[in-house]
Amino acid sequence: MLRKLFIGTALATSFAFSAHAADVKEVQMLHWWTSGGEAAALNVLKQDLAKEGYAWKDVPVAGGGGDAAMTALKAMVAAGNYPTASQMLGYTVLDYAAAGVMGDLTETAKKEGWDKSVPAALQKFSVYDGKWVAAPVNVHSVNWLWINKAVMDKIGGTEPKTFDDFVALLDKAKAAGVIPLALGGQNWQEATMFDSVVLSTGGPEFYKKAMNDLDEESLKSDTMKKSFDNLAKLVTYVDPNFSGRDWNLATAMVIKGDALVQVMGDWAKGEFHAANKTPGTDFLCYRFPGTDGSVIYNSDMFGMFNVPDDRKAAQVALATATLSKSFQSAFNVVKGSVPARTDVPDTDFDACGKKGIADLKKANEGGTLFGSLAQGYGAPPAVANAYKDVVSKFVHGQIKTSDEAVTELVKAIDDAK
Ligand code: BGC
């Protein structure tokens, strides 16, 4: 496991991190929260810790979805230079825990009653071998549409309830001379959108079988082919300059009214919030057509490393602050996500946040809460990377047909397992 984890280290060490001797009164945090909305959310945490006398040592590694950050983290860990904590997604936490480099926050968890307040779906990834190794920060969900309200009014659009409705809406935007769909052509963004397309095309049971259970029959089925065909259809509504575009620039296109809609996780709402935009007035949040009732989730976790004893107090302070009820509300209001605890009131959240909280509860109770394959909660990182790669090759025309796409997907996932 260690070997597998640290492959790529030689490449990663080219990241210029100083071998900073961490101070006992500081929290050193690796993360990929570098957009406007993300930085604003992180400030809430920095301020909370400053009040308790802890300095903040920022280790930001830009790149939405966190691939670059995870490469950098590998290098730090391989060099024995453990941050106090790192932002991580689901299966990555489990990989590091299995490699034996994580700390043990169980005592803090007991004192704070995390077992009772953190949903089981998150505990599956923050508890390893009976020990708390990570503090969940939030719950994001990816099956959302983010729509510019003025553009929607201008084209006379209404909420699309089915995939066909969505296509009709995109056609209206096109006819009005607006870019219908804002997308960033990076593999993780394309795959994040495809998560929703698969759920919409195949329904909840199909999503689970294909994207969480990795059932081969489902992965190569006609329904999966149809999902790729639907993805190809969506890509026809993207502007020609989409390759390589960062996700927050795609969100900015919608905020400015240059584009009608973005399909993205609710971190996009953090950008609307940072731009002082209000749901219902400036923008609209709808579930991806045909997915209402289900939630595809991911959760940012602060993976806690096994730091030397004199740095553990800072780590406990970070973990305690992260899961405090007041922080869970204040941070998630700004971040666009919803709390990682079930007992935080929705009072301070806007309409989209309130819907997000209610949807999560309903999906959790109804068995329609599913891990995002693109966002580290469907399968281990190697499989998720294989998936992102195939989806992206399809979007960019290196894989030409949906027949070929499912064959490549099955093969890539098989190789990665
Ligand atoms: C994270 C979010 C982050 C987004 C874009 C996702 O993987 O869960 O917290 O805002 O990437 O950077």
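Preceding block: the structure.
Everything numeric here is computed off the predicted structure, so don't read it as measured data.

Before going further, it helps to spend a moment on the nonpolar core. Counting residues in hydrophobic clusters, the biggest one holds 78 residues, and the most contacted among them are M224 and F228. In terms of residue count, helix α11 (residues 187-212) provides more of this core than any other element does, 11 residues in total. Apart from residues lying up to four places away in sequence, M224 is in contact with F194, V198, F206, A210, M211, S218, L219, V406 and L409. By size, the runner-up hydrophobic cluster in this structure holds 65 residues, among which are Y96, A121, F302 and F331.

A few words now on helix α14 (residues 247-256). Along α14, the positions that sit buried rather than exposed are W247, A250, T251, M253, V254 and I255. In this structure, the buried side of α14 is in contact with α3 (36-51), β8 (144-148), β9 (179-181), α11, β10 (259-263) and α15 (268-274). Phi for G257, located one or two positions after α14, is positive at around 85°.

This part covers the pairing of β10. Taken across its 5 residues, β10 has 5 buried, putting it largely inside the fold. Pairing of β8 with β10, which is carried by 3 bridges, proceeds in the antiparallel orientation. Bridge assignment links W146 to a residue of β10, and that residue is Q262. Bridge count between β9 and β10: 2 bridges; the pairing is parallel. Across the sheet, I179 pairs through a bridge with A259, a residue of β10.

Looking now at empty space enclosed by the protein. Vacant regions in the atomic arrangement are exposed by a probe of water-molecule size rolled over the atoms. According to the stated counting rule, one finds 2 cavities of 30 Å³ or more in the structure shown. Considering only enclosed or pocket space, the largest cavity measures out at about 90 Å³ in volume. As for the largest cavity, its lining consists of 15 residues, and the residues nearest its centre are W32, E38, G65, W267 and Q375. When its residues are assigned to classes, the lining of the largest cavity shows 6 nonpolar, 6 polar and 3 charged.

Conventions and cut-offs
- Numbers given to residues run from 1 along each chain, matching the order in which its sequence is written.
- Reporting of local features is limited, given that this is a predicted model, to residues whose pLDDT is at least 70; pairs of side-chain atoms are given and counted only at 80 or more, and all residues count toward the totals for whole chains, interfaces and linings.
- To get the side-chain values, take all heavy atoms of the structure and skip hydrogens and water.
- Residue types Ala, Val, Leu, Ile, Met, Phe, Trp, Tyr and Cys, when buried and joined through side-chain atoms within 4.5 Å, form a set referred to as a nonpolar core.
- Exposure categories follow from relative accessible area, calculated using a 1.4 Å probe and restricted to protein chains: below 20% of the type maximum is buried, above 50% is exposed, and the middle band is partly exposed.
- Helix numbering and strand numbering both begin at the N terminus, where a helix is a DSSP run of H or I of at least 4 residues and a strand a DSSP run of E of at least 2.
- Should any heavy atoms of two residues lie within 4.5 Å, those residues are considered in contact.
- Here, a strand pair is defined by DSSP locating no fewer than two bridges between the strands.
- Whether a set of points on the 1 Å grid over the protein atoms alone is a cavity depends on a 1.4 Å probe fitting there but being unable to get out, while an open set qualifies as a pocket with protein on both sides within 12 Å along at least five of seven lines; lining residues are those with an atom within 4 Å of a point.
- Grid points are joined across faces, edges and corners, and a volume is the space filled by probe spheres set on the points.
- As a working rule, the residues Ala, Val, Leu, Ile, Met, Phe, Trp, Tyr, Cys and Pro are called nonpolar, Asp, Glu, Lys and Arg charged, and the rest polar, with Gly in that last group.

These values are about where atoms sit, not about what they do.
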